[in-house]
Amino acid sequence: MKKCISIILALLMVLSLVACGGGGDSAPDETGGDVAYVQDKGTLVIGITDFEPMDYQDGSGEWIGFDADMAKLLGEKLGVDVEFIEIDWDSKTMELANKTIDCVWNGMTLTDGVKKAMATSNPYCNNAQIIVVKKDLAKSIKKAADAKKLKFAVEAGSAGAEAAKENGFNFLEVNTQADAVMEVAAGTSEACIIDSLMAAAMVGDGTGYADLRYR
């Protein structure tokens, strides 16, 4: 399985170990650099997408979730406010380079491209790219080849988009993984590829998408 990344708060790693600008081979500066920059301005700006259960909004519009809660705790430890900004996932590297955001903290798949473009933390959980379809199609999809004729929706710049390209799928790029799931629910796409973490929280019996299944 591919792995998603974030900070290990038990060690209080610095921002550059979550996902910050600079090549992945750069040595992190644990005594200044990114941390000093954020503390000087008093706000940690975090780039995210709507990705349950890692980053999503509650009924009052507050960002919550596994990564969001950890980010808030880091803000407390650093003595700064935490601001969440929804970004175009395909532009995450540019957002970091332009200092529009200070870090990406969103259950990101640790691909070779990510490691080359950013300094990152150690992986902390397992993730995989999986196919989501309507319930009546699920039994017929047992391997990637079974989905070759389907029209897919994928998040632009995501590991799901990479998987679609690698498998030669016909796909449409959308802004977020949540949008990709909505495409399938609406019937405008027959399938989507999203993270297994998200699928477990959003798809199947007892969820908002009870008529969808993941394979």
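Residues numbered from 1 in each chain as written. Predicted model: local features only at pLDDT ≥ 70, side-chain atom pairs only at ≥ 80, totals over all residues. Heavy atoms only, no water.

Q: Would you mind showing me how to read the nonpolar core here?
A: One recurring pattern in soluble globular proteins: nonpolar side chains tend to sit buried together. Ranked by internal contacts, the top residues of the largest apolar core, which has 18 residues, are Val132, Ala180, Val181, Cys192, Ile194, Met198 and Leu212. Only strand S11 (129-134), helix H8 (177-186), strand S14 (191-195) and helix H9 (196-202) provide two or more residues apiece to this core. When residues in this core are grouped by element, the largest group, four residues, is from H8. The residues touching Ala180, leaving out its near neighbours within four places in the chain, are Ala153, Val154, Val174, Cys192 and Ile194. (Core = buried A, V, L, I, M, F, W, Y, C linked by side-chain atoms within 4.5 Å. Buried < 20%, exposed > 50% of the residue type's maximum accessible area, 1.4 Å probe, protein only. Helix = DSSP H or I, 4+ residues; strand = E, 2+ residues; numbered from the N terminus. Contact = heavy atoms within 4.5 Å.)

Q: Where do I start with unusual backbone geometry in this structure?
A: Excluding glycine, a negative phi dihedral is what most residues carry, and trans is how most peptide bonds are arranged. In this structure, the amide linkage connecting Glu52 to the following residue, Pro53, adopts the cis form with an omega of 15°. One can find Pro53 in the loop between strand S3 (43-48) and strand S4 (56-57).

Q: Could you clarify how one ought to interpret the sheet that holds strand S13 (residues 170-174) in this entry?
A: As a general point, the strands of a sheet are linked pairwise by backbone hydrogen bonds and lie either parallel or antiparallel. The strand order across the open sheet formed by five strands is S13-S12-S14-S11-S15, and the pairing between neighbours is mixed. Both edges of this open sheet fall to S13 and strand S15 (212-214), since each of them pairs with a single strand only. Ignoring strand direction, the axes of neighbouring strands in this sheet form an average angle of 30°. Alignment of S11 against S14, held across five bridges, turns out to be antiparallel. (Pairing = 2+ DSSP bridges. Axes fitted to C-alpha atoms, helices over the stretch in contact; angles between N-to-C directions.)

Q: Please clarify how the pairing of S13 should be interpreted in this entry.
A: Each regular strand displays side chains that alternate between the two surfaces of the sheet. Looking at chain direction, strand S12 (residues 151-155) and S13 are connected through five bridges and run parallel. Bridged to Lys151 within S13 is Asn170. In this region the chain leaves S12, passes through helix H7 (residues 159-166) and returns to the parallel neighbour S13; the handedness of that crossover is right-handed. (Right-handed = clockwise from strand over helix to strand, strands pointing away.)

Q: Explain the confidence of the model for the protein to me, please; I cannot follow it from the model alone.
A: In low-pLDDT segments, the atomic positions of the prediction should not be examined closely. Per-residue confidence for the protein gives a mean pLDDT of 83; residues scoring 70 or more make up 85%. Segment residues 1-31: pLDDT under 50, and 105 contacts once partners within four positions in sequence are set aside and those in other chains are kept. (pLDDT = per-residue confidence, 0-100.)

Q: What exactly am I supposed to notice about helix H3 (residues 66-78) here?
A: Every α-helix winds through 3.6 residues per turn, so residues three or four apart in the chain are directed the same way. Its 13 residues place the ends of H3 19 Å apart at the C-alpha level, agreeing with the 18 Å of an ideal helix rising 1.5 Å per residue. Within the sequence span of H3, burial applies to Asp67, Ala68, Met70, Ala71, Leu74, Gly75 and Leu78. Down the axis, H3 shows its buried residues gathered within 165° of arc, on one side only. Set apart from the buried face of H3 by more than 90 degrees, the exposed residues are Glu76 and Lys77. In this fold, the buried residues of H3 make contact with helix H2 (34-41), S3, strand S5 (63-64), strand S6 (81-86) and strand S10 (123-127). Looking at the residues trailing H3, positive phi occurs at Gly79, about 75°. (Expected span 1.5 Å × (residues − 1). Arc of directions from axis to C-beta.)

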